[in-house]
Amino acid sequence: MSGAEETQRYVESLARELGADMVLAGESVERYCRDWHGDVTTGAVAVLRPRTTEDVSAAVKACAALGLSIVPQGGNTGLVLGATPDQPTRQVVVSLERMTRIRRIDADDFSAVVEAGCILSEFKDAVAREGMFFPLALGAQGSCRIGGNVSTNAGGINVLRYGMTRELVLGLEVVLPDGSIFDGLSTLRKDNRGIDLKQLFIGAEGTLGIVTAVSVKLTPEPDQVATALLGLNSLDDAIALFRRARRDCCDLMSAFEFMPPLAFVLAREAIPDLAMPIAGDYRAYVLLEISGSGLVDIADLMERFLGAVMEEGLVADGVIASSQGQARNLWLFREGMNEGQAKRGPHLRTDLSVPLSRLADFVRDAEKAVADVLPDCVCVSYGHVGDGNVHLNVLPPGDLPRAEIDARIYKAKTAINEVLDTYQGSISAEHGIGRLKRADYITRLPAVRRELLTALKSAIDPTFVMNPGCQLNIERSS
Ligand SMILES: Cc1cc2nc3c(=O)[nH]c(=O)nc-3n(C[C@H](O)[C@H](O)[C@H](O)COP(=O)(O)OP(=O)(O)OC[C@H]3O[C@@H](n4cnc5c(N)ncnc54)[C@H](O)[C@@H]3O)c2cc1C
């Protein structure tokens, strides 16, 4: 039987078992098999689009019976190839895009229960209409889905105040690799009855089961937000400012983003009419946000804080947004710089973390290591530095042939990771491992940790149905 005939046979079996409405095949699967940047396009036997938890369970059983494995997919905004197949003739994508219901928002309990396919920004809007706030905030929030956020343990700009997704999750509903349903949708704040099983699925990138619904913590909507863009003389000053802000801003700081001067050039390459918010040229920029609700005066706090640090010379210049529109404009620089880098063509994107106290030294050492071996490349270091998290990206000259660009990307990654290892840092602060970082991850896995992970995977998914090739590459025979 040819590959095409075999795929057709699988598709017919799936449609018979699950109903034709659930199954996409042929050309319609393409958009589910391309990564967010459009750098990699693969294929799949089919895409299954369940509407209920029971549909997901039936889909998992049907795939297992046919010997097909499953790649769960949310918004497909992950940047590490976790949600796109790598064995097109053996894998089925299960997209959660039709499971978008918000089952409950409970303002008295400060909690909500939402299905995995709900788009993050739509969930945040619904919660805001009830006067509440769901703090997870990231550039992809108009496309990523709650189940994907949980499965990657997403971070974003508010981590320093509210924590990663793991800290926002109260409970989970998960379809396990044998099709059974783990019902853990509790909204209890405290529940110490033994091992907390939901933690296994948070950050598992779909390797242990399919998250179908999530119960989360909410907070009161911050009705006062002060946003400022600050010019500083160095990354060291930015770190010193962060330490100071943690103490002086009463734990009300909700974002602290670092950008180099090149951020403005890149952002304006993507959004040409973006007005420059600060007149002078500085070596480092920080986007600072303080927010709160109730009786605190956030605007006064921001003004007094900035007054003090500017008088001391820690901050050279700054602008405080006087309206929501102005605040939005300041954020456009941070968001536009990503698009600007993409416009310059293929480049190395990293997502690293080191202890905060060593971040400035790490960036200096790693940028020097890249400059030593790749003098024609440009480093762009920026990110959620308050969490010790930096994107140290490297842009090769755009006019080189693709093979030479790829060689430079590889060389830059190797140089940066060598420095990172001396700082005991992480190759993935936020984005997970997926398939893209698997080799770098496995090389750095201590034996005991690898054995534990293998034992866990084998116990929960003994037939290796769930997202094989993502994170670890454990074969059926091992
Ligand atoms: C412009 C941009 C900015 C970003 N900024 C940030 C940021 O600041 N912080 C950050 O952490 N990330 C960021 N990301 C990465 C990405 O948005 C997050 O990882 C997000 O959580 C992925 O959600 P998703 O729904 O798109 O998941 P997908 O990409 O669809 O899937 C990601 C992984 O989770 C698995 N998965 C998806 N849904 C489920 C499910 N229901 N059950 C089990 N497994 C599942 C997939 O198999 C895959 O392994 C950014 C991405 C972009 C494009």
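Numbers given to residues run from 1 along each chain, matching the order in which its sequence is written. Predicted model: local features are reported for residues with pLDDT of at least 70 only, side-chain atom pairs are reported and counted for 80 or more only, and whole-chain, interface and lining totals are derived from all residues. Note that water and hydrogens are dropped before the side-chain values are worked out from all heavy atoms of the structure.

### Comments concerning the sheet that holds strand β1 (residues 23-24)
Move 1: Strand pairing is defined by DSSP finding a minimum of two bridges between the two strands. Secondary structure is summarised from DSSP: a helix means a run of H or I of at least four residues, a strand means a run of E of at least two, and numbering begins at the N terminus for each. Pairing is mixed across the open sheet formed by 4 strands, whose spatial order is β1-β2-β4-β3. Each having just a single partner strand, β1 and β3 (69-73) make up the two edges of the open sheet.
Move 2: In this sheet, strand β2 (residues 46-48) lies alongside β1 in antiparallel orientation, the contact comprising 2 bridges. Considered in β2, the bridge of L24 is made with V47.
Move 3: With respect to the sheet, helix α1 (residues 3-18) is in contact with β1, β2 and β4 (91-95), its orientation differing from that of β2 by roughly 15°. Contacts are assigned to residue pairs with any non-hydrogen atoms lying within 4.5 Å of each other. As a rule, the C-alpha atoms of each element are fitted with a line to give its axis, helices using only the stretch in contact, and angles between N-to-C directions run from 0 to 180 degrees.

### Section: the site of the ligand
Move 1: Near the ligand you find 35 residues, and of these P72, G74, G75, T77 and E430 are the closest.
Move 2: Counted as a polar contact is a pair of N or O atoms within 3.5 Å, where, for protein atoms, one must be capable of donating a hydrogen and the other of accepting one, and residues adjacent in sequence contribute only when both atoms are in side chains. Between the ligand and G155, the relevant distance is 2.8 Å, taken from an oxygen atom to a main-chain nitrogen or oxygen of the residue.
Move 3: A 1.4 Å probe and the Shrake-Rupley method give the accessible areas. Residues count as covered only by the protein chains that appear here. Isolated, the ligand exposes 980 Å² of accessible area, and the fraction of that covered by the protein chains is 95%.
Move 4: Ranked by residues supplied to the shell around the ligand, first place goes to helix α4 (residues 146-152) with 5 residues.
Move 5: Each residue is assigned to one class: nonpolar for Ala, Val, Leu, Ile, Met, Phe, Trp, Tyr, Cys and Pro, charged for Asp, Glu, Lys and Arg, and polar for all the others, Gly among them. Of the residues contributing to the shell around the ligand, the split by class is 12 nonpolar, 20 polar and 3 charged. One heavy atom suffices: a residue is near a molecule or strand as soon as one of its heavy atoms comes within 4 Å of it.

### Remarks on the pairing of strand β8 (residues 169-175)
Move 1: We call a residue buried when its accessible area falls under 20% of the maximum for its residue type, exposed when it is over 50%, and partly exposed in between, using a 1.4 Å probe and counting protein chains only. Within β8, 7 of the 7 residues are buried, which leaves it mostly tucked inside the rest of the structure.
Move 2: Examined bridge by bridge, β8 and strand β10 (residues 210-217) share 6 bridges and lie antiparallel to one another. Bridge assignment links G171 to a residue of β10, and that residue is S215.
Move 3: As judged from the 4 bridges shared by β8 and strand β9 (residues 181-184), these two strands associate in the antiparallel manner. If you follow V175 over to β9, its bridge partner there is I181.
Move 4: Hairpin connection from β8 to β9: 5 residues lie between these consecutive antiparallel strands, with G179 at a positive phi of about 90°.

### Some thoughts on the environment of A59
Move 1: Mapped onto the fold, A59 is located in helix α2 (residues 53-66).
Move 2: A C-alpha to C-alpha distance of 8.0 Å links A59 and G179, two positions 120 residues apart in sequence.
Move 3: If we ignore the near neighbours within four places in the chain, the residues touching A59 are L18, M22 and L48.

### Let's talk about the pattern of salt bridges
Move 1: By convention in these notes, a salt bridge is any Lys or Arg side-chain nitrogen within 4 Å of a carboxyl oxygen on Asp or Glu. Under the criterion given, the structure shown has 26 salt bridges.
Move 2: Among the ionic pairs, K198 bridges to D196, the shortest N-O distance being 2.9 Å.
Move 3: Given a relative accessible area of 33%, D196 falls into the partly exposed group.
Move 4: Here E269 and R344 are joined by a salt bridge, their closest N and O atoms 2.7 Å apart. With E269 in helix α8 (residues 262-270) and R344 in the loop between α10 (324-343) and β16 (352-353), this residue pair connects regions lying 75 residues apart in the sequence.
Move 5: E269 gets classed as partly exposed once you look at its relative accessible area, which sits at 32%.
Move 6: According to the relative accessible area criterion, R344 is partly exposed, its value standing at 31%.
Move 7: Through salt bridges that share partners, R101, R103, E115 and E173 make up one connected network.

### Regarding the nonpolar core
Move 1: Among the nonpolar cores identified, the biggest contains 57 residues, and L241, F256 and F362 are the most heavily contacted of them.
Move 2: Counting residues per element, the ones that place at least two in this core are β12 (224-232), α7 (235-248), β13 (253-259), β14 (284-292), α9 (298-311), α11 (359-373), β18 (389-395) and α12 (402-422).
Move 3: Within the second largest apolar cluster, 53 residues are counted, among which are Y10, F123, F134 and C144. Side-chain atoms within 4.5 Å are what join buried Ala, Val, Leu, Ile, Met, Phe, Trp, Tyr and Cys residues into a set we call a nonpolar core.

### Some remarks on the sheet that holds β13
Move 1: Spatially, the 4 strands line up as an open sheet ordered β13-β14-β12-β15, and their pairing is antiparallel. Edge positions in the sheet fall to β13 and β15 (317-320), since each has one partner strand and no second. The average undirected angle you get between the axes of adjacent strands in this sheet is 15°.
Move 2: Across 6 bridges, the pairing between β13 and β14 is antiparallel. Bridging across to β14, A255 finds its partner in E289.
Move 3: Contacts from α7 reach β12, β13 and β14, with the element oriented near 175° to β13.
Move 4: The sheet contacts of α9 involve β12, β14 and β15, and relative to β12 the element is tilted by about 15°.

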